[in-house]
Amino acid sequence: MVRSAIKLFLLLLFLGYMMLWFMMPTKLYFEHWLPKIRANSKSTYFGQQGSTMLIYTFPILFIATLGCIYLHLGKKHGDHNVEGRVPTSKLKQPVMVKGPLGIVSWMELSFLTMFVVLLAWSTTSYLNGMFTHIDQMASRSGLLVWEAKLEMSGLTLGLVGNICLAFLFFPVTRGSSVLRLIGLSSEASIKYQIWVGHIAMTIFTAHGLCYLVFWAKTEQLSQVLKWEIGLVCGLGMWATSLPQIRRKMFELFYYTHHLYILFIVFFVFHVGFSYACIMLPGFYLFLIDRYLRFLQSQQRVSLVAARILPCQTVELNFCKSPEVNHGPRSIIFVNVPAISKLQWHPFTITSNSNMDTDKLSMVVKSEGRWSSDLYQKLSSPLPMDGFQVSIEGPYGPPASTHLLRHDILVLLSGGSGITPFISIIRELLFKASSGSSTRIPHILLICAFKKSIDLAMLELISPVSGTTVDISCLQLQIEAYVTREKGADEDNHKPLQTVWFKPNAIDAPVSAILGPNSWLCLGLIISSSFVMFLLLIAILSRYHNSNMVYASSATAGFYMLFMCLAIAMTANATFLWNKKQNRKRLRQIRNMDTPPVWFNNGDRELESLPYQSLLQATNVHYGERPDLKKILFERKEISVGVIASGPREMRQEVAAICSSGLADNLQFESISFTW
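Worth saying up front: this structure is predicted, and the values here are computed from it rather than measured.

Parameters and conventions
- Residues numbered from 1 in each chain as written.
- Predicted model: local features only at pLDDT ≥ 70, side-chain atom pairs only at ≥ 80, totals over all residues.
- Heavy atoms only, no water.
- Helix = DSSP H or I, 4+ residues; strand = E, 2+ residues; numbered from the N terminus.
- Buried < 20%, exposed > 50% of the residue type's maximum accessible area, 1.4 Å probe, protein only.
- Contact = heavy atoms within 4.5 Å.
- Areas by Shrake-Rupley, 256 points an atom, 1.4 Å probe, with all protein chains shown as cover.
- Pairing = 2+ DSSP bridges.
- Axes fitted to C-alpha atoms, helices over the stretch in contact; angles between N-to-C directions.
- Core = buried A, V, L, I, M, F, W, Y, C linked by side-chain atoms within 4.5 Å.
- UniProt positions renumbered as here; feature names shortened; annotations may be inferred.
- Phe/Tyr/Trp six-rings, centres within 6.5 Å; stacked < 30°, edge-to-face > 60°.

**Considering the overall build of the protein chain**
Each helix and strand counted, the protein chain has 22 helices and 15 strands in total. Evaluated residue by residue, the protein chain yields a buried proportion of 51% over its 675 residues. Contacts in the protein chain between residues far apart in sequence, at least 24 positions, make up 80% of those at least 6 positions apart. Here the protein chain displays about 31,700 Å² of accessible surface, and carbon together with sulfur accounts for 61% of that area.

In structure tokens form, the structure reads like this:
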């Protein structure tokens, strides 16, 4: 009941906040609502930004804090979705498959349309209000009418661009309670950030061009220095984020995107801190998340073993704390200083937190320079006493009960796209072996590989030696296609090789950065840091009123500094407190002198029952590709969940089949990592 009440209150608060965005460009808001709010919230301690923080910043931070409590209660009491069969949702079906937006569902298209309508409504409303008395305004300013219209048009574009900026940072906040409340994860929301980013930079570029022409005509080009650096940084990020550059030169895109720091700083200098409060909530939550990720990334984690596959693939196995729970398809970001101290790469977690309470596994296939260097180092015959690794995460969807809503799950993968399905199959394997009364769907895994040597990746599906779970308790059928070979190559059947690493005293298991009560701690950081931020502003304003006068840019600089200090102090305090609480458990895992039980006899025996069960469930097809239409349309009387993972072209092909209208029983879902 408490969670239901919180959810209803959050929904009403969010709807009221969205109504505010639609009312903001109107005459009613500017002439009636805003003056009353400013009069009632006028304070000696917070100045003119007090009202804007109350209107724009406080509601979202309050939603994020209350959302943390809601999620903590759900985690404490077991937050499970309905596991029964449900009809296929038409809103989640793909409506657009190919094009600049990628694969887009009806629901995503609806929200994108509403967002564009908000921008169009704001643009027309602002222009209508500004052009009403444009003649009088031009005469008072000594401008021609067209010059005044150009200036007002540039101002309008800036105001509308700020709406985009207000939503820009929510999708990239990986540990966001706001995203989790609406059922999204950061990795699934990256494409929304790309959409909003393109719209924002288009509008801001037009905004800058309008003012360049206006200032050139009125001989005020010196004004350019106030915002030139910010605009140049934004254009640099925009140019390198284009798909043609991002996919071919990812490192250039990655490093250039750190210019967002300068972009935001000079944006605040340009518009003033009071108006910047409009975009502050999303950026504030992003800063908290980014600093927590920084704290986690400074810890070395305990890499216990690596399994080397003959197909240029390696499975990394880490120790983890039992409180780290992750759902299927969760990801972690990995940094290996021996290869690059700056590069972080996302990988799917293949282990199951229910079945493997003290380990975390991930698979890396050599498909680029970084992954190839990693494989070469781990497969080197030279002895390795230790291997330094840092981790951020895990991140991802918390539950997997939606997988149980269908009669059959069709998992379609290409190449290394099979890795998310390893965790899905292991989750369903755990449910099937735990004696639960829940009905487990039939699983059809369709995987395509270029060469037969890549079939070794299928061995990762079966539990490792030391576990008693047999894959035969699942209704699993694997159809593997080797597209570039006509038959099996006997030379490719090489056993897996396991590399062990000696424990290091400074290594720690993978652990939750904020401990087992992470949502509650995150809510505490959000609320306490904001209170501290307000106190610092109040102190500065008090001295400001005592004849200590600062320029507006200096004041904005102080406010940004206070915000960073408040976040750093509260996040550090919470982190150190959790680290102290977990010290005994961490010391116990660090002092392990023998390999954990899950890797005794780590190299799989070919005669073992799990391996034989996997072979019996697998059919290999050489020299052909899967007939996806036949596979998907031959079961029209049952509910079919279709999940595609792999190359973009393959996912688009599957999405086109599911959206063709020839079958109403298909529920499509795509797995992709846009970065």
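**Some remarks on the pairing of strand S10 (residues 442-449)**
With six of eight residues buried, S10 is to be regarded as a mostly interior element. Inspection of the sheet shows strand S9 (residues 408-414) paired to S10 by seven bridges, in the parallel sense. For Leu412, the partnering residue across the bridge sits in S10 and is Ile446.

**Here's the deal with the sheet that holds strand S5 (residues 331-335)**
Strand order in this open sheet of three strands is S6-S5-S8, and the pairing throughout is antiparallel. Two strands in the sheet have a free side with no partner beyond their single neighbour: strand S6 (345-348) and strand S8 (390-395). For this sheet the average axis-to-axis angle between neighbouring strands, irrespective of direction, equals 25°. Bridging between S5 and S8 involves four bridges; their strand directions are antiparallel. Of the residues in S8, the one forming a bridge with Asn335 is Ser390.

**Considerations on the nonpolar core**
Across soluble globular proteins, nonpolar side chains show a tendency to be buried alongside one another. Residues Trp21, Phe169, Met279, Phe283 and Phe533 are the most contacted members of the largest nonpolar core, which totals 87 residues. Excluding residues that lie within four positions of it along the chain, Phe169 makes contacts with Tyr260, Ile264, Met279, Gly282, Phe283 and Phe286. Formed by 37 residues, the second largest nonpolar core is a distinct cluster that contains Ile418, Ile424, Leu428 and Ala480.

**Brief notes about the UniProt feature "transmembrane region" (unreviewed entry) in the protein chain**
Under the UniProt annotation, "transmembrane region" (unreviewed entry) lies at residues 6-30, 51-73, 109-131, 152-172, 192-215, 257-287, 519-544 and 556-577. Helix makes up 81% of residues 152-172 and strand makes up 0%, while its end C-alpha atoms are separated by 32 Å. Between the end C-alpha atoms of residues 556-577 the distance is 32 Å, and the span holds 100% helix and 0% strand.

**So, the packing of aromatic side chains**
Evaluated as defined, the whole model comprises 27 aromatic pairs. Here the aromatic rings of Phe58 and Phe62 are separated by 5.7 Å at their centres, their planes lie at 25°, and the arrangement is stacked. In this pair, Phe58 and Phe62 both sit in helix H3 (residues 49-77), four residues apart, roughly one turn of the helix. The exposure class assigned to Phe58 is partly exposed, which follows from its relative accessible area of 40%. For Phe62, a relative accessible area of 31% corresponds to the partly exposed category. Taken together, a centroid distance of 5.0 Å and an interplanar angle of 65° make the contact between Phe273 and Tyr559 edge-to-face. Of this pair, Phe273 sits in helix H13 (residues 273-276) while Tyr559 sits in helix H18 (residues 552-581), placing them 286 residues apart in sequence. Judged by relative accessible area, Phe273 falls into the buried class, the value being 7%. Assessed through its relative accessible area of 5%, Tyr559 is described here as buried.

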